[in-house]
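Descriptive analysis of the structure
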Amino acid sequence: MTNLIKSEMKKIFHKKSFYIVTIIFVLYAILTNVIYKSIDDFSINDPEVTIEELEKENSRLDLNVKENLDKYVTNLSNIEIKKMEDTYKNGEYLINKYVFPLVYQANLLEYMEKDLEESNIVRTKIDEYLNKIKDNDWKYFASMRMSELKNISNEDKDEKTDIYIKLTEYRIKNNIPYDEDNYLNNALIDVENNLSEYYNLKNKKTSKEEQERLDYLKEEMLVNKYILEHQKDIKNNESLKGVLSNFASEFGLFILIYVIMLSGSIVSEEYNKGTIKNLLTKPFKRRTILTSKLLTVLILMPIIILIMVLIEIIVGGLILGFDSLNIPILIYNSSTSLLEVYNVFKYLILSLISNIPIYLVLGIICFMLSTITASTSAAITITFLFYLMSNVISNLALVYNLKIFKYFVALHWDFSYLLESTPNPYHFTPSFSLIIIGIYLIVILALTYIFFDKKDVKNI
Amino acid sequence: MSILKVENLSKKIGKKEILRDVNFEVNAGDILAFIGPNGAGKTTTIKCILGLQKLTSGKITINGYDIKKDFVKAILKVGSIVEAPEAYMYLSGYDNLLLDKNYYKNIKEEEIMRVVKLVGLENRIYDKVSKYSLGMRQRLGIARSLLNNPNLLILDEPTNGLDPEGIKDLRELMIKLAHDGIGIVISSHNLSELENFCNKVCIISQGRVLSLKSIDDLKKIDQAKYLVRVDDVKKIKKYLTKEDKIVNDTLIEVIKDEQEIASFIKELAVTDALIYEVKREDLTLEEAFINIAGGKKID
Ligand SMILES: Nc1ncnc2c1ncn2[C@@H]1O[C@H](COP(=O)(O)OP(=O)(O)OP(=O)(O)O)[C@@H](O)[C@H]1O
Ligand SMILES: [Mg+2]
């Protein structure tokens, strides 16, 4: 038997098509990694109104109407702020948080109250802030924030205030400027921004949507907390870690192509080329020969996936760098409200294992078709069509809650929900799904063996 | 010693009866020429022997093992080529042989070069099979069939694609192997290719064995072909039988033994026909066969 399997491997590794797909895979991997590297360039910024548009709008306003004046002041302030943002590239956050209210106030005083004197006082304050921003003196704002928080009177103090204070202390202690390229800064700001919404939702009876929002906020809080505590850039997915954590969805199609290519040709090609006659006149039972081919597919499946992972690590490492590999992957478990921490490789392996049933079932179906039809193209095409149809059916079953598809294998073969700690979308238990898959495999293989044992070798 | 025994083999595919009651036996040292026209059922018989097709009824025994019950043991010492000599085109000839070697226990790698030399392919054996000519593939096929030291060799039209040199080599190889005690079945639609080295002939047509004879039996036949040239065939027409052939207005062809031809000429002598020439030609095996089989044409 081992000799048989060795021979099958030898045949496969001598085939051109195997290497062609591998080369295509390498190119595809390069492309994918480049895309990950440039996610930033691709991300579409919110279509912001431009300064010109605002100026145009203002020139059209009739300033004698009261509401128009309000609009005019707002636009004017926005124009000023945009200009500042353009001048002080890294100061966006501070400008919006500290300068914008002052600019608005100054404009209100100037155009609504017509109080130029007061307005100018405010403007000196603005200039002071802008100078600090220009000098990159972020500590000035941090200590300002600190004293603001410290001065909150005791009766206004609550849990939130303590957290704000801790965040600001953290910023000062760890020297974190208000810089949007700094992941620690982003985590601090995220927490600050979400905190009051989080407490509001937490302390009241929530509707279904609010509950979802709350779950999301909880997860965000925990993740940001983890980032700040461990100082690891968890959220950065423009990295090798990001690609690897999405391996199954980025490269799943290639795994499928390999599996179907192998299992779809391993039997039928011998028939097409007539070499089956050599094989079947060797001193083995037919079922031994079929088993050797089946085992070859089953052994090669994980090996190919492993090779793909290695290729991706090398290609991705060269393009995106290897540093991100020591950053863990965090999965939020909504039922326990806890974060689960995975090493990148552990997560990758688990996610691949959770997808194995898909490849296994499709591979075995293709193997059966390859044996029964003796036609490689028929086996591959039908399996692909089955896969596409399966996706449609599982979506339909999900959307319309169709019970007739309860025993359809495609509703069971994806176990990734276990890893993501989310409930099964169809409310099946894992063991029920495993039993269904087992039954499918046994029936398909039984048919294949019976057929292969009886089949006459026709004229080629 | 009986190596291959085919008993009452019948094969139906769908409703079509392809073989009916085929019987023959191959002993050690036999070379059986398995002759029949296209579509006679030669390949089908061979496939049944090799277990590539299931028998509808009948029994096939190889080296004492029934192929239905003990296929693995039965097939162990069989070498074969069925129809065309297929090989893995993307591998070299040597790698193909290496693959075959691995299917058997106890075959050493040196064996490969031995069979390669037997078929005279040593110069090209490391080339990919996709670069071989048909004749070279046929030679590789013969080498593959010899790799497991078979004692039964079944070759389906092995002369296909071989040049005269190749056919001569094959003939010598077969004679040597038979001399070493191997039983050989060679199919062909042309007996003349095989007649000077086989010792048994089995003629099959439309799925039935027409005749199964040893060459020695055939040689005993003292019939010969006589060409008789006269001035006008019409004058002797009433003395001709159905089997006799009129070649043209002045020439006839008859198959008779010495006794018969003598009395035939006597009969003609009393007619007013003028006999210019009577020429004797030995029968080829094929013609002898047609005659035995009752004049049925096989090709
Ligand atoms: N799969 C099949 N289905 C139906 N009929 C078949 C099948 N295979 C073979 N036959 C028929 O069986 C008969 C014998 O075919 P076979 O291939 O054995 O002939 P053969 O003697 O080898 O001829 P050739 O000299 O052309 O190789 C033919 O009439 C053929 O049409
Ligand atoms: Mg044939």
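Computed from a prediction, not measured in an experiment: that's the story for all the values here.

Listed per partner, the contact involves 31 residues of chain A and 29 residues of chain B. Summing both partners gives a buried area of about 2,700 Å² for chain A against chain B, and 56% of it is carried by carbon and sulfur. Three residues stand out in chain A for area buried against chain B, namely Lys277, Thr281 and Pro283 of chain A, and they jointly supply 22% of the buried area on that side. Inspection of the region where chain A meets chain B yields 5 salt bridges. Across the pair lysine 277 of chain A and glutamate 83 of chain B runs a salt bridge, and its minimum N-O distance is 3.3 Å. In this structure, the connection of chain A to chain B is made through 16 residue pairs in polar contact (both at pLDDT 80 or more).

Before going further, it helps to examine the nonpolar core. Ranked by internal contacts, the top residues of the largest apolar core, which has 110 residues, are Phe247, Met308 and Trp413 of chain A together with Leu4, Phe24, Ile60 and Ile62 of chain B. Considering every element that reaches this core, the biggest residue donor is helix α16 (residues 286–320) of chain A, with 14 residues. With sequence-adjacent residues up to four places away left out, isoleucine 60 of chain B is seen in contact with Leu4, Lys5, Val6, Leu9, Cys48, Ile49, Leu55, Tyr65, Asp66 and Ile67 of chain B. Core analysis: the second largest hydrophobic core is formed by 41 residues, Val119, Val129, Ile167 and Val201 of chain B among them.

Taken as a whole, chain A is organised into domain 1 (2–41 + 239–454), domain 2 (46–136) and domain 3 (142–176 + 182–232). Look at where the C-alpha atoms of domain 2 of chain A and domain 3 of chain A centre, and you get two points 28 Å apart.

Whenever strands of a sheet pair, they do so through backbone hydrogen bonds, lying parallel or antiparallel. Residue and element names in this part refer to chain B. Across the sheet, 4 strands lie side by side as β12-β13-β11-β14; this open sheet has antiparallel pairing. In this open sheet, the two edge strands, each paired with only one partner strand, are β12 (245–248) and β14 (275–282). On average, each strand axis in the sheet is tilted by 25° relative to the strand beside it, whichever way the strands run. Contacting β11 (224–230), β13 (251–256) and β14, helix α9 (residues 258–269) crosses the sheet at an angle of about 145° to β13.

The subject of this paragraph is a nonpolar patch on the surface. Side chains of Val392, Leu396, Leu398, Val399, Tyr400, Leu402 and Ile404 of chain A sit close together on the surface and give an oily, nonpolar patch of about 700 Å² of accessible area. Mapping valine 399 of chain A onto the fold places it in helix α18 (residues 376–400).

Attention now goes to the sheet that holds strand β9 (residues 200–205) of chain B. Residue and element names in this part refer to chain B. Read across the sheet, 6 strands follow the order β6-β7-β8-β3-β9-β10 without closing on themselves; strand pairing throughout is mixed. In this open sheet, the two strands that pair with only one neighbour each are β6 (78–81) and β10 (208–214). Across the sheet, the mean angle from the axis of one strand to that of its neighbour is 15°, orientation sign disregarded. Here 4 bridges tie strand β3 (residues 31–35) to β9, and the two strands are oriented parallel to one another. By the bridge assignment, phenylalanine 34 is partnered in β9 with cysteine 202. Each of β3, β7 (152–156), β8 (183–188) and β9 touches helix α1 (residues 42–49); the most contacted strand, β7, lies at about 145° to it. Of the strands in this sheet, β3, β7 and β8 touch helix α6 (residues 164–179), which is tilted by about 150° from β8.

The rules behind these values
Starting from 1, residues in each chain are numbered consecutively following that chain's sequence as written. Here the convention is simple: chains get letters from A, ligands get numbers from 1, in the order in which they are written. The model is predicted, so local features are restricted to residues of pLDDT at least 70 and side-chain atom pairs to those at 80 or more, both for listing and for counting; the totals for chains, interfaces and linings are taken over all residues. Each side-chain value is derived from all of the structure's non-hydrogen atoms; neither hydrogens nor water enter the calculation. Contacts: residue pairs with any heavy atoms within 4.5 Å of one another. Buried area is understood as the total, over both parts, of accessible area removed when two parts are fitted together, assessed with a 1.4 Å probe. A carboxyl oxygen of Asp or Glu within 4 Å of a side-chain nitrogen of Lys or Arg is what we treat as a salt bridge. N or O atoms within 3.5 Å of each other form a polar contact, as long as, within protein, one can give a hydrogen and the other can take it, and as long as residues adjacent in sequence are counted only when both atoms are side-chain atoms. We call a set of buried Ala, Val, Leu, Ile, Met, Phe, Trp, Tyr and Cys residues a nonpolar core when their side-chain atoms join them within 4.5 Å. Buried residues are those whose accessible area, probed at 1.4 Å on protein chains only, stays under 20% of the maximum for their type, while exposed residues exceed 50% and partly exposed ones sit between those limits. The numbering of helices and of strands both runs from the N terminus, where a helix is a DSSP run of H or I of at least 4 residues and a strand a run of E of at least 2. These domain limits were set by an automatic method or by a database of domain assignments. Pairing between strands is defined by DSSP: at least two bridges between the two strands are required. Helix axes are fitted to C-alpha atoms over the stretch in contact, other axes to C-alpha atoms as well, and angles between N-to-C directions run from 0 to 180 degrees. Each patch is built from salt-bridge-free residues with over 30% relative accessible area, joining like charges within 9 Å and nonpolar side chains (Val, Leu, Ile, Met, Phe, Trp, Tyr) within 5 Å. Here, Shrake-Rupley sampling with a 1.4 Å probe gives the accessible areas, and only protein chains in the shown set may cover a residue.

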